[in-house]
Each structure stands twice: as C-alpha cells, then as structure tokens.
Amino acid sequence: TTATKRFGIWAAVLMGSVVGFLCLVVVVSWLQIKRLYQCFSLKIDAHGAVGKHSVYSFFLGSSITAWLLAIVVIAAQVICFSAYIRGASLDFASDRDWVYRYVCPRDNLDCRITSNNEARGWIFFAVFLAVHLLSDIVNGLKLVWNAPRYGLSWKTCQCLFGGFCLFSISALALYSSVVYNVAISRSNLELIFNTV
C-alpha cells in the first residue's frame, strides 16, 4: 500500500550503496598500490583491525568450521536486524511496532502530540551509536582498504570478505536502530533506552 513506509526497500538501497562504496574503496586502494594514484597510506594488521576476539576474525583463518560459524552469526544478525526493520514499517494491514505520534480522541476534534523527542535525545542516540558502531565501521573499511596489498591471493579474499561483512553489518545495525527508534520512541528516555 502507499501508506506503508518501505524501510525494507531503503535497507536494500543502503546495502547496495555500501557495496558500491566498498568497491570504490578497493579500486582506489588498488590504484594507490600500483602508484597510479596516491591518496594516503594506511597499513594495518588484519587481525588487529577486525579484533582478535571478534567472530569476524574467523574469516581471516583457514578453518572451514570457523568460516561456517561466522557465516551463521552474520545470517543471525541479518535476520534480527530485518525483524526490527519490518517492525518499524507502518503497515495498516498488519500488526507492527509503530507508535503513533498523534492521539485523536473520538469525542474531540483536537489531536494531541504524544512525542516528546527533542534534539538532546537524538544527540545522545547518535553519540551512543557512534561509540558502539564507529570502530566496527572504521575497521571494516581498513580491511577493505588494505586487502589489495596482498595481491591476487587468498588473503586478499579473506580481508575483502571480512571487511565487507563487518562494514555492512555495522551499517545495517545503524540503519535498523535509526528506523526502529523513529517508529517507536516517543521520548528522550525511550531513545536512549532503545540505543543502549
């Protein structure tokens, strides 16, 4: 229906944009390695960037069991974030989590606003999200940026795949947090509570 907020479509657009952006990062990094274009130098340890205790570090190893475990964890994360995105969709035909901003009593012509969200609540929300997700976004970007320095090797594929997954899941977490809070938070306290 036209009344439906199509957060799922926007999520797909976001993920397509993320993949396009990361492909651009790979091309620029490759050009820099070939000395065709000099941007900046950023050399990192792949395990240090992804985190030694992170499930994404399994992509940097050679164990098939570890790879399968990491893929299962990523699939579980995508399913969870998709549930939040679906729950945030405004759909009159089904039961969703959306909380209406206005309340219009049947015996009164005046509607009242039930939302007390202020800029301060959104600022705290943004700060908490940045503290939580920014390191994963940056580390995923570092992995993708440094992948071409290994040439055409399995290590390049591992870094690219791990970086793509880490960056993409972090971007999906950011998106689902924002749309779900837009849908259900009607006070600064709810914004902060849903972020933590």
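For the structure, see preceding data.
Residues numbered from 1 in each chain as written. Predicted model: local features only at pLDDT ≥ 70, side-chain atom pairs only at ≥ 80, totals over all residues. Heavy atoms only, no water.

Remarks on helix H3 (residues 64-88)
What counts is decided by this rule: Numbered from the N terminus, helices here are DSSP runs of H or I no shorter than four residues, and strands are runs of E no shorter than two. To estimate the expected span of a helix, count its residues, drop one, and scale the result by 1.5 Å. Here's how the labels work: a residue is buried when its accessible area is under 20% of the maximum for its type, exposed when over 50%, partly exposed in between, all with a 1.4 Å probe on protein chains only. For the purposes of these results, a polar contact is taken to be a pair of N or O atoms within 3.5 Å, where, inside protein, one atom must be able to donate a hydrogen and its partner to accept one; residues adjacent in sequence count only when each atom of the pair is a side-chain atom.
The end-to-end C-alpha distance of H3, which contains 25 residues, comes to 36 Å, matching closely the 36 Å that a straight helix rising 1.5 Å per residue would cover. Among all positions in H3, only Ala-66, Trp-67, Ala-70, Ile-74, Phe-81, Ile-85, Gly-87 and Ala-88 are buried. At the N-terminal end of H3, a side-chain oxygen is found 3.4 Å from the backbone nitrogen of Thr-65, two or three residues along, and the residue is Ser-63.

A short note on the packing of H3 against helix H5 (residues 154-184)
What counts is decided by this rule: Only C-alpha atoms enter the line fits that serve as axes; for helices the fit covers just the stretch in contact. Angles between N-to-C directions range over 0 to 180 degrees. Small angles under 35 degrees read as roughly parallel and large ones over 145 as roughly antiparallel, with 65 to 115 read as roughly perpendicular and the rest as oblique. Here a crossing is taken to be left-handed if its near helix is turned anticlockwise relative to the far helix by less than a right angle, and right-handed if that turn runs clockwise. The contact rule is simple, with two residues in contact once any of their heavy atoms fall within 4.5 Å.
Put simply, H3 and H5 touch, their axes get as near as 9 Å, and they point 20° apart. Considering the angle they form, H3 stands roughly parallel to H5. Here H3 and H5 pass one another in a crossing that is left-handed. Between H3, through Trp-67, Ile-74, Gln-77, Val-78, Phe-81, Tyr-84, Ile-85, Gly-87 and Ala-88, and H5, the contact on the second element is made entirely by Trp-154, Gln-158, Phe-161, Cys-165, Ile-169, Leu-172, Ala-173, Tyr-175, Ser-176, Val-179, Tyr-180 and Ala-183.

Overview of helix H4 (residues 119-146)
Structural remark: α-helix, 3.6 residues per turn; residues separated by three or four positions point the same way. Note the threshold: The angle between axes fitted to the seven-residue stretch ending at a residue and the seven-residue stretch beginning at it gives the bend at that residue.
For H4, which comprises 28 residues, the first-to-last C-alpha distance of 38 Å matches the rise-based estimate of 40 Å (1.5 Å per residue) to within 8%. The largest bend along H4 reaches roughly 45° and is located at Leu-133. Buried within H4 are the following residues: Gly-121, Phe-125, Leu-129, Leu-133, Ile-137, Asn-139, Gly-140, Leu-143, Val-144, Trp-145 and Asn-146.

What to know about the packing of aromatic side chains
For clarity, the threshold we go by: For Phe, Tyr and Trp, where Trp contributes only its six-membered ring, two rings pair if their centres lie within 6.5 Å, and the inter-plane angle classes them as stacked under 30 degrees, edge-to-face over 60, or tilted in between.
Under the criterion given, the structure shown has eight aromatic pairs. Ring centres of Phe-59 and Trp-67 lie 4.9 Å apart, and the angle between their planes is 75°; on these two criteria the pair is classed as edge-to-face. Exposure class is identical for Phe-59 and Trp-67. Each is buried. Between Phe-59 and Phe-161, the aromatic rings sit 4.9 Å apart at their centres with planes inclined by 85°, giving edge-to-face as the arrangement. Separated by 102 residues along the polypeptide, Phe-59 in the loop between helix H2 (46-50) and H3 and Phe-161 in helix H5 bring together distant segments of the chain.

That's the geometry; what it means functionally is another story.
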